Structure formats: structure tokens, C-alpha cells
Amino acid sequence: MQLGLGSSYRGWKEAYYRLYERGSEMTAKAYLSQAMWLDSIIIQKLEEQERLQALAEKMTPSYAEVKVSNGQHINTREENNVKLIDLKHETNEIIDRLVDLTQEIRCKIRQVEDPLDQLVLEMRYLNKKSWNEVAESLGYDKRYTMKLHARALKKIDRILKEDTKRHRKTPGNYDRV
């Protein structure tokens, strides 16, 4: 599942739940990358909030309603404030999801036995460090760091598959065919 930076949170959320409901297995990289995508979406939403707030502050207060071509009366300042409030609520919902997801991902990473593998995964996916930053922090070259990453991803893949099998065998959960 790939998401562009322009993807909406609702679109991401719907795609994620469709994937989960079908019982499809998500790759380790896709699973771990979710937090990075949510973080990018939050940044985009906060920038949009700043833009709307700046626009609201530039508007001259006008409490008169404007009649538009379809006969409806609108107050542009009021409409802008409603959009800003809705955007803040949506952003808070995404932030809550990011906090929960980060905790969930951190728990999965802790299931990996090798502390070096844990460190590589946390630095890359939770701290959003570049490969060069991860390699430098560990004192390895980039190529070796990426090998460590590949090894760690295989371990996360196994953990996710085991969790999926356990989930499907839980009483009340039936495999969908």
C-alpha cells in the first residue's frame, strides 16, 4: 500500500482497514512506515491550519451575509472558522492515531531479540532518520546499515505473520476465503 503526500487521512485510513478486514498480510516495511506517513500527513494538516489561520486574520470582520447565485446566504469569515475548527479536529484525530500506532510499532520492534536490529528500526521508522544518519549514529557504513535493516525487517515480517496466525485462530475469528 503506497500513499502519496497528498493522500488524505480518511483515504489512508479506509485503505488500511480494507486491507486489515481482508486478512491481507502487510509487509514489515509497510507496517513500520505507517507512522512516517501519518507524521507527514500531520505536518501537511498543520501547515494547512496555519494557512487558514493567516487567512482568517487577514479578513476584515464582516457580519453581513453575502447572497450567492443559488440564493443561499453565507458568511465567509464564519465558513473559514468552521473549516479551521474541522481541520483541527481531524488533525487531533490523526495525532491520536499516530500516538497509538507508535506505541504499537514500538511493541513489535521490542519483540525483535537483537538490540542492534531494534535500534536500526527505531531510528529509521520512529525517529525518521535518514540512512546516513542511522549509519553515522551506529558507526557503520550505509551499506552495512541497510543489510542490518533488511535482516531486522525479516524478523518483523515473521512477528507479523505469527500475530496474524494467532489472530485468525482466536475463537470467534474465522478465516475469510
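Residues numbered from 1 in each chain as written. Predicted model: local features only at pLDDT ≥ 70, side-chain atom pairs only at ≥ 80, totals over all residues. Heavy atoms only, no water.

(A) Representation of the packing of helix H3 (residues 76–110) against helix H4 (residues 115–126) in the model. Two elements in contact, H3 and H4, have axes separated by 9 Å at closest approach and are oriented at 160 degrees. As the angle between them shows, H3 and H4 are arranged roughly antiparallel. Regarding H3 and H4, the two cross each other, and that crossing is right-handed. Of the residues in H4, those in contact with Thr-102, Ile-105, Arg-106, Ile-109 and Arg-110 of H3 are Gln-118, Leu-121, Glu-122 and Leu-126. Looking at the contact of H3 with H4, its residues break down into 4 nonpolar, 2 polar and 3 charged. (Axes fitted to C-alpha atoms, helices over the stretch in contact; angles between N-to-C directions. Helix = DSSP H or I, 4+ residues; strand = E, 2+ residues; numbered from the N terminus. Parallel < 35°, antiparallel > 145°, perpendicular 65-115°, else oblique. Left-handed = near helix turned anticlockwise from the far one by under 90°. Contact = heavy atoms within 4.5 Å. Nonpolar A, V, L, I, M, F, W, Y, C, P; charged D, E, K, R; others polar.)

(B) Spotlight on the nonpolar core. The biggest cluster of nonpolar side chains holds 22 residues, and the ones touching the most others in it are Tyr-31, Leu-32, Ile-105, Ile-109, Leu-121, Leu-153 and Ile-156. Element by element, the count of residues in this core is highest for helix H2 (residues 28–58), at 7 residues. Leave out the neighbours within four places in its chain, and Leu-32 touches Ile-105, Ile-109, Leu-121, Tyr-125, Leu-153 and Ile-156. Membership of the second largest hydrophobic core comes to 5 residues, among which are Met-123, Val-134, Leu-138 and Leu-148. (Core = buried A, V, L, I, M, F, W, Y, C linked by side-chain atoms within 4.5 Å. Buried < 20%, exposed > 50% of the residue type's maximum accessible area, 1.4 Å probe, protein only.)

(C) A look at the environment of Met-146. If you trace the backbone, Met-146 turns up in helix H6 (residues 142–169). Considered as a pair, Met-146 and Ala-135 are 11 residues apart in the sequence and their alpha carbons are 8.4 Å apart.

(D) Representation of helix H5 (residues 131–138) within the structure. Among all positions of H5, only Trp-131, Val-134, Ala-135 and Leu-138 are buried. Down the axis of H5, the smallest arc covering the buried residues is 95 degrees, so these residues share one side. Where H5 terminates, the next one or two residues include Gly-139, which has phi positive at roughly 80 degrees. (Arc of directions from axis to C-beta.)

(E) Fine view of the packing of aromatic side chains. In total, this model carries 1 aromatic pair according to the counting rule given. Relative to Tyr-144, the ring of Tyr-140 lies with its centre 4.9 Å away and its plane at 65 degrees, an arrangement referred to as edge-to-face. (Phe/Tyr/Trp six-rings, centres within 6.5 Å; stacked < 30°, edge-to-face > 60°.)

(F) Geometry of the environment of Arg-106. Mapped onto the secondary structure, Arg-106 falls in helix H3. Discounting residues that sit within four places of it in the chain, Arg-106 has contacts with Glu-122 and Leu-126.

(G) Quick peek at the pattern of salt bridges. Inspection of every chain in the model, using the stated rule, returns 6 salt bridges. Note that Arg-151 is salt-bridged to Asp-114, the shortest N-O span being 3.1 Å. Linking Arg-151 in helix H6 with Asp-114 in the loop between H3 and H4, this pair joins segments that are 37 residues apart in sequence. Residue classification places Arg-151 among the partly exposed positions, given a relative accessible area of 33%. (Salt bridge = Lys/Arg side-chain N within 4 Å of Asp/Glu carboxyl O.)

(H) Highlighting the environment of Met-36. Note that Met-36 resides in helix H2. Linking Met-36 and Thr-102, residues 66 residues apart in sequence, is a C-alpha distance of 9.5 Å. Among all residues touching Met-36, those that are not within four sequence positions of it are Arg-124, Tyr-125 and Lys-128.

(I) Representation of the confidence of the model for the protein within the structure. With 71% of its residues at a pLDDT of 70 or more, the protein has an overall mean of 80. Of all helices and strands in the protein, the one with the weakest mean pLDDT is strand E1 (residues 66–67) (52), whereas H5 scores best (97). Per-residue pLDDT stays below 50 along residues 1–7; that stretch engages in 10 contacts with residues further than four places along the chain or on separate chains. Contacts of residues 19–23 to residues separated by more than four positions or lying in other chains number 5 contacts, the stretch itself having pLDDT below 50. (pLDDT = per-residue confidence, 0-100.)

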